[in-house]
Amino acid sequence: MTSPAPVVLVFLDPTLPGGRLADASQPQLMVTDQGATRGDGVFETMLAVGGNVRKVQAHLDRLAGSADALDLVIPGQDEWRRAIATALSEHRVQNPPEAGAGAGDRDELVVKLVVTRGVEGATAPNCWVQVSPVGVGARRQRETGIDVILLDRGYDSDAAERAPWLLLGAKTLSYAVNMAALRHAHKQGADDVIFISSDGRVLEGPTSTVLLAHVEKADDGTSVKRLITPQLDSGILPGTSQGALFTAAKAAGWELGYGPLEPQDLLDADAVWLISSVRLLAPVNHIDGKQVGTPSVQKELTAELNELFAGIQ
C-alpha cells in the first residue's frame, strides 16, 4: 500500500496575514458546505517549479473572473499570494527538495486555489491553498503523448453567450461532467477527450486547452510555423498556459491563429497538443484511432514549444 502524497493546506484568514495552516489529514469543512454538496465554488491549479509558481498573475485573474461569474466575493490577490507563499514554504520544510539526477522533476508541485460558497447562509466563502507533488502520470504523458477521442459536449458554440448561467467560461468546482468524459475515454482505451460542440466546432479538453500547428515552406524556402487554438468566445475556459505560450511563440516568430476549428482540422494538422498548467504540453498521437501528423515533426515541434514554455514565469 502506497502512502498518500504529502499535502499542505493553508486557509485564508483575515486575522492571519499569511493564512492559517491546517492538517490536511483531518476534517476541515462542514459536511453541508455547498462546495461539497453542490459543487458551488471555483478553483485554479498552478505549477510551482523550484518553489516558484508559474503564471500566478494569470491564474489569480482567472480565479477572480470565475468568482465574479458565480457572484462570489473572494479575498484580494495579495492575500492569495501570501497564503501561497506560506503553503510552499511549509511544504519545503516538511519535504525538503532532493538533490541529484532528476531532482528538477521531483521539485515540481501542484498549487491549487479553492473557493467554496460555504454552508447555507454563510457571510463569506471558504478559501484555501493546497500544495502537493505532481503525479507521475502527468509527467509520463508529456513524454509519451496521448490518444484522445472526440465527444459531443451537448452545447452549440454560441451557448455561452446565449446562456451565461451555464458558466461555460468559468473554472467551477462542478467537474462531474468532465470526469465522466475522462472515464468514458478510459473505457474506450483512450487517455483523454477533445470536446466538440453540437454544431461541429472544436472546443477544449476536460482539463486542458487544444493547440494545433501547421508548418509550411515560404517562397524563400524558410519554414513558416503557425500555432492555432479554438475561438475563445465559443464557451471554453481561457487557457492560462495557451495564452502564455502564444506570447512566447509570437516573440519567437510563430504565426498565431484562433479557430473556428472543425474535427478535420485536427487530423490535417502537423501536430496537436492538449496543454494545461501541470501536465504542460501533451502531444496527441491519435484521435479516434487515427494518427495525427508525422511523429518526427511532432517531436521537433514539441521540443521547440517546450523550450519556449520553460522560459515562462
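Structure first, text after, so check above.
Bear in mind that the values here come from a model prediction, so they are computed numbers and not experimental data.

## Digging into the overall build of the protein
Then, number 1: Helix and strand content of the protein: 10 helices and 14 strands.
Then, number 2: For the protein, the C-alpha radius of gyration of 20 Å lies close to 20 Å, the compact-globule estimate for 313 residues.
Then, number 3: Counting only C-alpha atoms, the protein reaches 65 × 50 × 40 Å along its principal axes.
Then, number 4: Within the protein, the fraction of its 313 residues that count as buried is 45%.
Then, number 5: Sequence-distant contacts in the protein: of pairs separated by 6 or more residues, those separated by 24 or more amount to 70%.
Then, number 6: Split by element, the accessible area of the protein, about 15,400 Å² in all, is 52% carbon and sulfur.
Then, number 7: Taken together, the 27 basic and 39 acidic charged side chains of the protein have centroids lying 4 Å from each other.

## Some words on the packing of aromatic side chains
Then, number 1: Tallied over the entire structure, the rule returns 3 aromatic pairs.
Then, number 2: Taking the centre distance of 5.2 Å and the plane angle of 75° together, the rings of Phe-43 and Tyr-175 count as edge-to-face. In this pair, Phe-43 sits in strand β3 (residues 41–49) while Tyr-175 sits in the loop between α6 (159–162) and α7 (176–187), placing the two residues 132 residues apart along the sequence.
Then, number 3: Exposure remark for Phe-43: the relative accessible area of 9% places this residue in the buried category.
Then, number 4: Plain terms: the ring middles of Phe-246 and Tyr-258 are 5.3 Å apart, the flat faces sit at 55° to each other, and that makes the pair tilted. Of this pair, Phe-246 sits in helix α8 (residues 240–251) while Tyr-258 sits in strand β11 (residues 255–258), placing them 12 residues apart in sequence.
Then, number 5: Judged by relative accessible area, Phe-246 falls into the buried class, the value being 3%.
Then, number 6: Given a relative accessible area of 41%, Tyr-258 falls into the partly exposed group.

## Digging into the pattern of salt bridges
Then, number 1: Considering all chains together, one arrives at 10 salt bridges under this definition.
Then, number 2: Between Asp-107 and Arg-92 there is a salt bridge, with its nearest N and O atoms 3.3 Å apart. Taken together, the residues span a long stretch of sequence, with Asp-107 in the loop between α4 (103–106) and β5 (108–116) and Arg-92 in helix α3 (residues 77–94) at a distance of 15 residues.
Then, number 3: The class for Arg-92 is partly exposed, based on a relative accessible area of 30%.

Definitions and cut-offs
Note on numbering: residues in each chain are counted from 1, in written sequence order. Side-chain atom pairs in this predicted model are given and counted only at pLDDT of 80 or more, local residue features only at pLDDT of at least 70, and totals for whole chains, interfaces and linings cover all residues. Neither water nor hydrogens contribute to the side-chain values; these are computed over all heavy atoms in the structure. Comment: elements are numbered from the N terminus, with helices defined as DSSP H or I runs of at least four residues and strands as E runs of at least two. Two things to know: the radius of gyration comes from C-alpha atoms, and the globule rule equals 2.2 Å times the number of residues to the power 0.38. Accessibility here uses a 1.4 Å probe with only protein chains present; expressed as a share of the type maximum, an area under 20% marks a residue as buried, one over 50% as exposed, and anything in between as partly exposed. Working rule for contacts: check all heavy atoms of both residues, and any pair within 4.5 Å makes them a contact. The method behind every accessible area is Shrake-Rupley, applied with a 1.4 Å probe, and residues are considered shielded solely by the protein chains displayed. Lys and Arg are tallied as positive, Asp and Glu as negative. Neither His nor the chain termini are counted. For this purpose, a charge sits on NZ of Lys, CZ of Arg, CG of Asp or CD of Glu. Two aromatic rings from Phe, Tyr or Trp, using only the six-membered ring of Trp, form a pair when their centres are within 6.5 Å; if the ring planes differ by under 30 degrees the pair is stacked, by over 60 it is edge-to-face, and anything between is tilted. Note on definitions: salt bridges are taken to be side-chain nitrogens of Lys or Arg within 4 Å of carboxyl oxygens of Asp or Glu.

Remember that the coordinates give geometry; whether it matters functionally is a separate question.
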